[in-house]
Amino acid sequence: MTVHEQASTDESAGLHAPALAVRRLPRSPRAAVLFLHGGRSDSRAPSRPWHLAAVRMKPFVRAVARATPDDDVLLAEVRYRVRGWNGGDADALRDARRALEELQRLAPDVPVVLVGHSMGGRAALRAAGAPQVHGVLALAPWCPEGEPVARLREKEVVVLHGDRDRVTDPRLSKAFVHRARAAGARAAFVDMVGGDHAMLRHAGDWHRTAVSTVLEMVPPAAGTTGVTGTTGATGVSGH
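Residues numbered from 1 in each chain as written. Predicted model: local features only at pLDDT ≥ 70, side-chain atom pairs only at ≥ 80, totals over all residues. Heavy atoms only, no water.

Draft legend 1. Fine view of the overall build of the protein. When helices and strands are counted, the protein shows 6 helices and 7 strands. Traced from its N-terminal end to its C-terminal end, the protein shows the element sequence α-β-β-α-β-α-β-α-β-β-α-β-α. Taking all 239 residues of the protein together, the buried fraction comes to 52%. Here the analysis covers contacts within the protein between residues at least 6 apart in sequence; of these, 70% occur between residues at least 24 apart. Taken as a whole, the protein presents about 10,900 Å² of accessible surface, with 53% of it coming from carbon and sulfur. (Helix = DSSP H or I, 4+ residues; strand = E, 2+ residues; numbered from the N terminus. Buried < 20%, exposed > 50% of the residue type's maximum accessible area, 1.4 Å probe, protein only. Contact = heavy atoms within 4.5 Å. Areas by Shrake-Rupley, 256 points an atom, 1.4 Å probe, with all protein chains shown as cover.)

Here is the structure:
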C-alpha cells in the first residue's frame, strides 16, 4: 500500500469515528461550549491529542470549566481526522460540522458557543451558520482574504489576536471583523497587546479575556444576568 493509499484509508476510517469528544456532560445541559484547536494549512497526517496544537487549547478548556457551572454547561472538543485544512476539502470544517451534528443529537437545541484557535478559529467561524451556534470566540484565527462572513449574520463574534503574531495576521482578523459587522454580525476585535500566536506571552490575559467572553456569550440561566453575573467581556472593543 502506498503512503497516499494509507492516508486515504486512515481518513476514511476517521469519518466513522466520533468527531465530538465530550469533556463534561451535565444531566440537563442548558448550553454547550465546543473547543476547536489549531492545525496546519495542509496535512493528511492523523490528528493526535498530544500534538502541540491540541495541547495549546487545554488551558482554555480548564479555565472555562472552572468558571462555568458543572451542572448545566456541557464542555466538549472537536476531534479532527487529519491535521490540515487541505484547501477546498476544508477537513477541519467538515469535522466541526460533524461534531455539531453529534452534539445536537446528544443535547438537542442547546445553544452552543464555539471557541477556536488558529485553523480551529477559521473552522469555528465557518461552522457558525449552524442554527444552534449562539456565538464564536476566535483566538488568533486564520482569516484569509475573502473568507465568507454572510453566515455570521446576527451571531455574536469576538476575535482575540496578538499584535506579535507571526503565523496568522492580526490585520486580516481585524478586517474580517469589520466585514462581519457590515454583514450583520455582532462582532468585536480585541487587540492582545504583546500576544503571540501560541498565546504563551501574557497567557493569563488570554485566559481571563477568553473566559469573560465565553461567560458573556453563554445564555444566562433563568433569573440571572449571565453565567456568573458578568456584564461584558474584558477588553472587547468595536474597533
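Draft legend 2. Main features of the pattern of salt bridges. A full pass over the atoms with the stated rule returns 16 salt bridges. Across the salt bridge formed by Asp-70 and Arg-24, the nearest N and O atoms sit 3.0 Å from each other. Here Arg-24 lies in strand β1 (residues 20-24) and Asp-70 lies in the loop between α2 (52-67) and β3 (73-78), a separation of 46 residues in the sequence. For Arg-24, a relative accessible area of 14% corresponds to the buried category. Between Arg-81 and Asp-91 there is a salt bridge whose closest N-O contact spans 3.0 Å. Placement of the pair is Arg-81 in the loop between β3 and α3 (91-106) and Asp-91 in helix α3, with a sequence separation of 10 residues. Using a relative accessible area of 8% as the deciding quantity, one classes Arg-81 as buried. According to the relative accessible area criterion, Asp-91 is buried, its value standing at 0%. The network of salt bridges with common partners includes Arg-44, Arg-81, Asp-89, Asp-91, Arg-94, Asp-95 and Arg-98. (Salt bridge = Lys/Arg side-chain N within 4 Å of Asp/Glu carboxyl O.)

Draft legend 3. Molecular detail of the pairing of strand β7 (residues 186-192). A large share of β7 lies buried, amounting to 5 of its 7 residues. As paired strands, strand β6 (residues 156-162) and β7 are joined by 7 bridges and run parallel to one another. Looking at β7, one finds that Val-157 is bridged to Ala-187. (Pairing = 2+ DSSP bridges.)

Draft legend 4. Broad picture of the packing of α2 against helix α6 (residues 203-217). In contact at an axis separation of 9 Å, α2 and α6 are set at 50 degrees when each is read in the N-to-C sense. The orientation of α2 with respect to α6, classified from their angle, is oblique. Relative to α6, α2 is oriented so that their crossing is right-handed. Contact residues: Pro-59, Phe-60, Ala-63, Val-64 and Ala-67 in α2; Trp-206, His-207, Ala-210, Val-211, Val-214 and Leu-215 in α6. When grouped by side-chain class, the residues that make up the contact of α2 with α6 number 10 nonpolar, 1 polar and no charged. (Axes fitted to C-alpha atoms, helices over the stretch in contact; angles between N-to-C directions. Parallel < 35°, antiparallel > 145°, perpendicular 65-115°, else oblique. Left-handed = near helix turned anticlockwise from the far one by under 90°. Nonpolar A, V, L, I, M, F, W, Y, C, P; charged D, E, K, R; others polar.)

Draft legend 5. Looking closely at the sheet that holds β7. Read from one edge of the open sheet, 7 strands run β1-β3-β2-β4-β5-β6-β7, paired in mixed fashion. The open sheet has two edge strands with one neighbour each: β1 and β7. Strand-to-strand twist in this sheet, taken as the mean axis angle between neighbours without regard to direction, amounts to 20 degrees. The strands that helix α5 (residues 170-182) touches are β6 and β7; relative to β7, the one it contacts most, it runs at about 160 degrees.

Draft legend 6. Structural detail: the layout of surface pockets. In this structure, the second largest pocket encloses a volume near 250 Å³. Taken together, 20 residues form the lining of the second largest pocket, with Gly-38, Gly-39, Arg-40, Ala-53 and Ser-118 sitting closest to its centre. Considering each element in turn, the lining of the second largest pocket owes the most residues, 3 residues, to α2. For the lining of the second largest pocket, the residue count by class is 7 nonpolar, 10 polar and 3 charged. (1 Å grid on protein atoms, 1.4 Å probe; cavity = no way out; pocket = protein on both sides within 12 Å on 5 of 7 lines; lining within 4 Å. Points joined across faces, edges and corners; volume = space filled by probe spheres on them.)

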